[in-house]
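Summary of structural features
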Amino acid sequence: MNKSSDKEEGFALVTTTVIIAILLLSGISLMNYTVTIRKAGKSVQDEFNAVQLAEAGVQKTIFCLNETVGDNCGGTFGADYVGETGVDLGTGTFTTTLIGTSTIKTVTSVGTTPGGATKTVLAEISAEPDSDGAAFGYALQSGAGGAYLENGASVSGTLYANGDITCQTTGAIIDGDAYVSSSGGMIDDCTVNYDTHADKVIDSVVGGDAYYDTDISGSTVTGAQYPGSATPDTEELPDIDLAFWHQSAEVGGTITGDYAPADESTLGPKKINGDLIINNNIDVTITGPVWVVGDIITGNGCSFTLDSSFGRYSTAILADDPSDQANIGYIDLTNGTSIYGSGDPKSHLMFITTNTSISSTTPALNVANNASGAVFIATAGMLKLANNAGAKSLSAYQLFVSQNATVTYVESALADATFANSPGGVWRLGAGGWRQTD
C-alpha cells in the first residue's frame, strides 16, 4: 500500500470539501444580498410613491381651492375647501388638511402606499398676485435734480429731496416736513408748516423746528433752531422693477404700432410697440399692466379706471423704450384726465416713465390741468405737475410743481399699497414652495 498516495487523496478531499463549503457560503451570502437589495429597492420605491401621493394631495388642494363647483373635491370647494381624507389614487391614498388666511394657506398632505410607507409634505399656497414691492413713503420725493414749487403749489405731506428745494417767494406751501439730503443743500423761499432739515434754510417760513448746518438767513422759525445739525441721509427713489412690469405686460400679447382704444374698452395686460393715444372723452378700463414702447398721450375729458376685480391691489402703466430713453417714453396727461383705482381706497394706478428729459417745457412726465388721482414716477427725468392737477404721490429725478397744483399723500392708503400684475384670487404654489417633513 502507498501511504503517500493515500495522504494526497485525503488532502484533495479536504480541499475540495473546503472549496465546496466556501462556494456554498458565497452563494448563500449572494442570495441574501440580492434579497436585501430587492427589499431595499422595494422600500425606496414605496417611499418614493408615498412622496408622489403627498404631492398629488397638494396639487388637488390647489385645484379645489380654484374650483367653482363641488365635483371631485370631497364636498367642499373654493374658499370653503378644507382638505380631504383617504383619497384613493390606485397606487395609494393621500389625506390633506389646511390652515391659514383667505390669501395664504399651508397644506399638510400625507401620502400612504399599500405597503404601509407614509410621507408628509408641507406646502405654502397663495392667492396673492405677484407684485413689484415698490414702496412710497413721501408725498413728493426727488433725486439729485431737486424740486421747484411755484406760487400756489400745495403739498400735503413730506417733501424729501436729494437736491435743493426751491419755491417761488414763499407762495408754495409744504404742509409737512421738508428734507434736503445733499451736502450744502438748501430750502429756499418756501413755507414749511412743520420741520425743515437741510444744511441751509434761506428766506423761508418754518412753522415747526429748523434743523440746519450753517445758514438760516432771512428765515422765520416758529419752533426751535438747531444749528450744526447733520445733513439728512440720502433717500433712494422707489425701486421700480422694470423687468417685472415688462414680463407681466407681455403675458397678454403685443400690439404692433400706435394704439388708440375705443370708448369703454378694456386694456391690459398688454405690450404696445408704439404710442398709446387716448383721444378726447375716451374712458378705458385697465385690466392688467400696460407696457408702452413709445409715448402715452391723452386728450381732454378721458379716464383710466382700474378694473374692480383688482380689489385692494394696484397696477402700473409704463412708458419705456430701453433702447432710447432720451427721446421716447414721454407721458403727457392733458386737461381733465381722470385716474381711478379699483374702488378700494388702497388701490391705485401708477404711471411710470423712464424718459430722461429734465426740460420744464417737455418734461418726461407732464400731468396737466385737472388730471387727478394717481401715483406718478419719472425714474430719470422731470415730473411736472401743472395747475390744479391732483396726485397721490410723486417721485422723480426732478420735480416741478406748478401754480395751484396739489399733492395729497394719504399714508394709510399708500404706505402698504401693493402694485401687482393681476387681481389675485387664483391659488398657486407660494414662494416658499413645499418641503418633505419625514
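Coordinates for the structure precede this section.
Fair warning: this is a prediction, and the values are worked out from it, not measured in the lab.

**Concerning the overall build of the chain**
Of regular secondary structure, the chain possesses three helices and 38 strands. The buried share among the 438 residues of the chain stands at 46%. The long-range share in the chain, meaning contacts at least 24 apart out of those at least 6 apart in sequence, stands at 45%.

**As for the state of the cysteines**
One pass over the structure, following the stated rule, counts two disulfides. With a sulfur-sulfur separation of 2.2 Å, Cys-64 is cross-linked through a disulfide to Cys-73. Taking the sign of the S-S torsion, -95° for the link of Cys-64 and Cys-73, the bridge is left-handed. Across this residue pair, the class does not change: Cys-64 and Cys-73 are buried. The partner cysteine of Cys-167 in its disulfide is Cys-190, sulfur to sulfur 2.0 Å. Given an S-S torsion of about 95°, the disulfide between Cys-167 and Cys-190 has right-handed geometry. In this pair, Cys-167 sits in strand S9 (residues 165-167) while Cys-190 sits in the loop between strand S12 (186-188) and strand S13 (191-192), placing the two residues 23 residues apart along the sequence. Each bonded cysteine of the chain gets a number by its place in the sequence, and the pairs then read 1-2, 3-4.

**Section: unusual backbone geometry**
The residue after Gly-268, namely Pro-269, is reached through a cis peptide bond having omega -10°. Summarising the element assignment, Pro-269 is placed in the loop between strand S21 (265-267) and strand S22 (270-273). Look at Asp-203: it is not a glycine, yet its phi comes out positive at around 50°. The exposure class of Asp-203 is partly exposed, given its relative accessible area of 36%. In this structure, Asn-404 is a non-glycine residue whose phi angle is positive, near 65°. Relative to the assigned elements, Asn-404 resides in the loop between strand S35 (393-401) and strand S36 (406-408).

**Section: the sheet that holds strand S27 (residues 303-306)**
The sheet built from four strands is open, its strands ordered S21-S24-S27-S30 with parallel pairing. Only two strands of the sheet have a single partner each, and these edge strands are S21 and strand S30 (338-340). Averaged over all pairs of adjacent strands, the angle between strand axes in this sheet comes to 20°, irrespective of strand direction.

**With respect to the pattern of salt bridges**
Inspection of every chain in the model, using the stated rule, returns four salt bridges. Two residues, Arg-312 and Glu-128, come together in a salt bridge whose shortest N-O distance is 3.5 Å. With Arg-312 in the loop between S27 and strand S28 (313-319) and Glu-128 in the loop between strand S4 (118-126) and strand S5 (140-142), the pair connects residues that are 184 residues apart, well separated along the chain. For Glu-128, a relative accessible area of 25% corresponds to the partly exposed category.

**Looking at helix H2 (residues 242-250)**
For H2, the set of buried residues is Phe-244, Trp-245, His-246, Ser-248 and Ala-249. Each element contacted by the buried residues of H2 is listed here: S22, strand S25 (290-292), S28, strand S31 (349-353) and strand S37 (418-419).

**Considerations on the side chain of Thr-196**
By the secondary structure assignment, Thr-196 is in strand S14 (residues 196-197). Judged by its relative accessible area of 0%, Thr-196 is buried. Look past the residues within four positions of Thr-196 in its chain and what remains in contact with it is Ala-178, Ile-187, Val-201, Val-206, Asp-209, Ala-210 and Tyr-211.

Conventions adopted
Residues numbered from 1 in each chain as written. Predicted model: local features only at pLDDT ≥ 70, side-chain atom pairs only at ≥ 80, totals over all residues. Heavy atoms only, no water. Helix = DSSP H or I, 4+ residues; strand = E, 2+ residues; numbered from the N terminus. Buried < 20%, exposed > 50% of the residue type's maximum accessible area, 1.4 Å probe, protein only. Contact = heavy atoms within 4.5 Å. Disulfide = S-S within 2.5 Å. Pairing = 2+ DSSP bridges. Axes fitted to C-alpha atoms, helices over the stretch in contact; angles between N-to-C directions. Salt bridge = Lys/Arg side-chain N within 4 Å of Asp/Glu carboxyl O.

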